Amino acid sequence: MPSSPFSLPLKPPDVEVQPGKPPILRTGSVDDAVGWAAEHRAELHAIVAEHGSVLVRGLGLSDRAECVAVFRQLAVAPGLMIEKEAFASRRAYADGVYSSSKWPPNQPMCMHHELSYTVEFPRLLLFACLDAPAVGGATALADAPTVLSALPADLVGRFLTEGWLLTRNYNDEIGASLVDAFGSEDRAEVERYCRVNAIQCTWQPDGGVRTRQRRSAVVRHPITGRRCWFNQIAFLNEWTLAPEIHEYLVDVYGADGLPFNTRYGDGAPIGEDTVTLLNDVYQSHTVREPWQNGDLMLVDNIRTAHSREPYEGSREVVVAMTDVTRLADCSPTVEVSTA
């Protein structure tokens, strides 16, 4: 794996660190955002190494092409990551550059770590805001080691021992398609991908696919060695859905036919009270800063969870992922398994 810039000891002196907000770096007037990103790449990575994230304000990013160019300057070799196993559809603007996930504006996307159910995931997330919403819509953040230490010891102990189980159902009616998730709807290619990535794959009579995969809920950051609560247990659980949506989906597809759901690693259901607890702990450790047009944000995906808050009006945030990291290199507490 190429060396990562996250350990560089550089830091600009004007990073603002305030309670309740992510670190903010104000650039002042910038005529060439792409050139600025290239010049300050190491410093930005160093801020992320220290704080887990940084919001860069003042670049004035104005279109998708400029975002693509900035992201490529900030990417870690071998470059931007192509997403697989998406849980919701996105629009691709360039190789490794996407729209934010399609999700109802009035529904929150709860705290999670991107692709934490895969065996290879990005260490660095890149966000750029081209159209800030009139109300809400912040990409909020939470420090994973802090969240881990705030959770009840017995709950953490169970997830340390068992891990967590993600179940998914793919069909032509709701949720991500096979192409969104696996890059193909060819049966042989889907089965090959699942074998390579420790996913149990079962074809249904209607042509849909049901998958199961067990992953570690806690990992060690591959650079700092700190233990991080790293998963999507709460976000992809049925009890995080709005009650009316949950009721509708269960009525139409059945309790086992939901587009996604999470369980304890032994397959036991996770109760609504536990999901509420997880979301409450995240909320108590959330920092946020409303988007402004032209903002750039870098996030350490292992150390820092992120969410998308409900919003009103239009919203366009362009995203990319880089610095591919293997789960096996993060000291998982359970073996990769299809359960």
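Reading guide: rules and limits
- Residues numbered from 1 in each chain as written.
- Predicted model: local features only at pLDDT ≥ 70, side-chain atom pairs only at ≥ 80, totals over all residues.
- Heavy atoms only, no water.
- Core = buried A, V, L, I, M, F, W, Y, C linked by side-chain atoms within 4.5 Å.
- Buried < 20%, exposed > 50% of the residue type's maximum accessible area, 1.4 Å probe, protein only.
- Contact = heavy atoms within 4.5 Å.
- Phe/Tyr/Trp six-rings, centres within 6.5 Å; stacked < 30°, edge-to-face > 60°.
- Helix = DSSP H or I, 4+ residues; strand = E, 2+ residues; numbered from the N terminus.
- Pairing = 2+ DSSP bridges.

### What to know about the nonpolar core
Here is step 1 of the chain: Core analysis: the biggest nonpolar cluster contains 56 residues, and Phe87, Phe127, Phe159, Trp229, Ile233 and Trp291 have the highest contact counts within it.
Here is step 2 of the chain: Those residues within four positions of Trp229 in sequence are excluded, and the remaining contacts are His113, Ala144, Val147, Leu148, Leu151, Phe159, Ala217, Val218, Leu278 and Tyr282.
Here is step 3 of the chain: Membership of the second largest hydrophobic core comes to 29 residues, among which are Val54, Leu80, Ala128 and Leu130.

### Examining the packing of aromatic side chains
Here is step 1 of the chain: Applying the stated rule across the entire model yields nine aromatic pairs.
Here is step 2 of the chain: A centroid spacing of 5.9 Å and a plane angle of 80° characterise the contact between Phe87 and Trp103, whose relative ring orientation is edge-to-face. Here the residue Phe87 occupies a position in the loop between helix H3 (64–74) and strand S4 (92–94), and Trp103 occupies one in the loop between strand S5 (97–99) and strand S6 (109–112), the gap between them amounting to 16 residues.
Here is step 3 of the chain: Accessibility expressed as a relative area gives 5% for Phe87, which makes it buried.
Here is step 4 of the chain: With a relative accessible area of 19%, Trp103 lands in the buried category.
Here is step 5 of the chain: For the ring pair Phe121 and Phe230, a centre distance of 4.8 Å and an interplane angle of 55° mean the geometry is tilted. Highlighted residues: Phe121 in strand S7 (residues 120–131) and Phe230 in the loop between strand S14 (227–229) and helix H8 (243–253), separated in sequence by 109 residues.
Here is step 6 of the chain: The class of Phe121 is buried, set by a relative accessible area of 0%.

### Here we look at the environment of Phe235
Here is step 1 of the chain: Mapped onto the fold, Phe235 is located in the loop between S14 and H8.
Here is step 2 of the chain: The exposure class of Phe235 is buried, given its relative accessible area of 2%.
Here is step 3 of the chain: Apart from residues lying up to four places away in sequence, Phe235 is in contact with Phe87, Trp103, Met109, Cys110, Met111, His112, Thr240 and Phe260.

### Some remarks on the sheet that holds S7
Across a sheet, strands are paired by hydrogen bonds formed along the backbone, either parallel or antiparallel in direction.
Here is step 1 of the chain: One open sheet holds the eight strands; their spatial order is S1-S2-S3-S17-S7-S20-S5-S4, and the pairing between them is mixed. Only two strands of the sheet have a single neighbouring strand rather than two, namely strand S1 (15–16) and S4.
Here is step 2 of the chain: Here S7 pairs with strand S17 (residues 296–300) via five bridges, running antiparallel. Looking at the pairing, Leu125 lines up with Val299 of S17.

### A word on the sheet that holds strand S9 (residues 141–143)
Here is step 1 of the chain: Taken in spatial order, the four strands line up as S6-S18-S9-S16 in an open sheet, and their pairing is antiparallel. Across the chains shown, the open sheet's two edge strands, defined by having one partner strand only, are S6 and strand S16 (286–287).
Here is step 2 of the chain: Bridge count for S6 against strand S18 (residues 304–308) is two bridges, and the pairing is antiparallel. From the neighbouring strand, His112 faces S18, where its bridge partner is His306.

### A look at the side chain of Asn197
Here is step 1 of the chain: Secondary-structure assignment places Asn197 in the loop between helix H7 (187–196) and strand S11 (200–203).
Here is step 2 of the chain: Residue Asn197 is classed as buried on the basis of its relative accessible area, which comes to 12%.
Here is step 3 of the chain: For Asn197, the contacting residues outside a window of four places in its chain are Glu85, Val119 and Arg215.

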